Amino acid sequence: MFNRKIGVILIVALAAGLGLLAAQKYFGAKSAGPQWPETRSITMFPQARTLPAFSLRQSDGTQLASGELNGHWTLVFLGFTYCPDVCPTTLAELAQAQNQWKSLPDSTRPRVLFVSVDPERDTPTRIGEYAHAFHADTLAATADVPALESFAKSLMFVFQKVPGKDFDKNPQDYSMDHSANIAVLDPQGRMVGFIKPPFQPKAIAEDMAALTLAAPK
């Protein structure tokens, strides 16, 4: 009787152990994030982050809404056209990267989206002319402040108006503080990583080409 009870206990324990192992393998596989190619300039997230719905005004007057970025890897940078240094430098560096991946098919070629956080001064036409001066393929958009705040927050970015010393006399005397990182969106429009300065155009181009050519495993 004693041996029989021990045998039953061992069988139950073995079954429980096998069940736990199977559950770990199943749920572990379900929760595992995509296996991205190794990147030099991009910090990839373990899990992709779905963005909430958004709607921006593009430089050509059309709306850029959720889902319209799908199908391409996209780099998103916040800025404004009156920016004295960071914005033009970053767009120039991104243009260098864009020139390096121009051999990729247009249907899958990565894109750059410049979003102005200064809608008071930056009209859609102005931001289009500004962005296209760096690279013709760059997308440019803006929105009203609440929509921009929501969009920026979804990318873990921030921005704020900083009045100048003569702001009381001249309402146009202000600057915009904003995050300097670049957000990386996958072809499903999810944020999957970011690039922080200083930027290396060659490394960015190589990383984006590798991500474009390699399907997640």
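Calculation criteria
Residues numbered from 1 in each chain as written. Predicted model: local features only at pLDDT ≥ 70, side-chain atom pairs only at ≥ 80, totals over all residues. Heavy atoms only, no water. Buried < 20%, exposed > 50% of the residue type's maximum accessible area, 1.4 Å probe, protein only. Helix = DSSP H or I, 4+ residues; strand = E, 2+ residues; numbered from the N terminus. Arc of directions from axis to C-beta. Polar contact = N/O pair within 3.5 Å; in protein donor to acceptor, adjacent residues only side chain to side chain. Phe/Tyr/Trp six-rings, centres within 6.5 Å; stacked < 30°, edge-to-face > 60°. Lys NZ or Arg CZ within 6 Å of the ring centre and 35° of its normal. Core = buried A, V, L, I, M, F, W, Y, C linked by side-chain atoms within 4.5 Å. Contact = heavy atoms within 4.5 Å. Salt bridge = Lys/Arg side-chain N within 4 Å of Asp/Glu carboxyl O.

> How should I be thinking about helix 4 (residues 145-154) in this particular structure?
Residues that lie three or four places apart on an α-helix share one face, since the helix turns once every 3.6 residues. Looking at helix 4, one finds that the buried residues are L148, F151, A152 and S154. Down the axis of helix 4, the sector holding all buried residues measures 160°, keeping them to one side. Of the exposed residues in helix 4, the ones pointing more than 90 degrees away from its buried face are P146 and K153. Where helix 4 starts, the residue carrying a side-chain oxygen 3.0 Å from the main-chain nitrogen of A147 turns out to be D144. Immediately beyond the C-terminal end of helix 4, within one or two residues, lies M156, with a positive phi of roughly 65°.

> Can you walk me through unusual backbone geometry in this structure?
What is expected of a backbone is that most residues other than glycine have negative phi and most peptide bonds are trans. For the bond running from P197 to P198, omega is 0°, close enough to zero to count as cis. Locating P198 in the fold gives a position in the loop between strand 10 (191-195) and helix 5 (201-213). With phi around 65°, M156 is a residue other than glycine that occupies positive phi space. Here M156 shows up in the loop between helix 4 and strand 7 (159-163).

> Hey, could you run me through the packing of aromatic side chains in this one?
When we look at a pair of aromatic rings, we describe it by the centre distance and by the angle of the planes. Counted according to the given criterion, the structure contains six aromatic pairs. Here Y130 and F134 contribute two aromatic rings whose centre-to-centre distance is 5.4 Å and whose plane-to-plane angle is 70°, an arrangement assigned as edge-to-face. Take Y130: its relative accessible area is 16%, and that puts it in the buried class. What links up through ring pairs into an aromatic cluster is the set F77, F114, Y130 and F134. The residue whose ring lies beneath R121 is Y174, and the NZ or CZ to ring-centre distance is 3.8 Å. Its guanidinium or amino end placed over the ring of Y174, K161 lies 4.3 Å from that ring's centre, counting from NZ or CZ.

> Any chance you could explain the nonpolar core here in plain terms?
Grouped burial of nonpolar side chains is what soluble globular proteins tend to show. Formed by 54 residues in total, the largest nonpolar core has its most connected members in L56, L75, W101, L155 and M208. The element contributing the most residues to this core is helix 5, with five residues. Beyond its immediate stretch of four places on either side in the chain, L155 contacts L51, V76, A183, L185 and M191.

> Any chance you could explain the environment of K161 here in plain terms?
With respect to the helices, strands and loops of the structure, K161 is situated in strand 7. Since its relative accessible area comes to 35%, K161 is described here as partly exposed. On a C-alpha basis, the gap between K161 and M176 in space is 4.7 Å, while along the polypeptide they are 15 residues apart. A polar contact of 2.9 Å, which involves the side chain of K161, links it to the side chain of E120.

> In this structure, what is going on with the pattern of salt bridges? I would like to understand it.
Close approach of charged atoms allows side chains with opposite charge to pair. Applying the stated rule across the entire model yields eight salt bridges. Of the charged contacts, one joins R109 and D106 as a salt bridge, the two residues approaching to 3.7 Å between their closest N and O atoms. We classify R109 as buried; its relative accessible area is 17%. The class for D106 is exposed, based on a relative accessible area of 57%. Where D137 meets R109, a salt bridge forms, and the shortest distance between an N and an O atom there is 3.9 Å. With D137 in the loop between helix 3 (124-132) and strand 6 (139-142) and R109 in the loop between helix 2 (86-100) and strand 5 (111-116), this residue pair connects regions lying 28 residues apart in the sequence. A network of salt bridges, in which partner residues are shared, links R40, K202 and E206.

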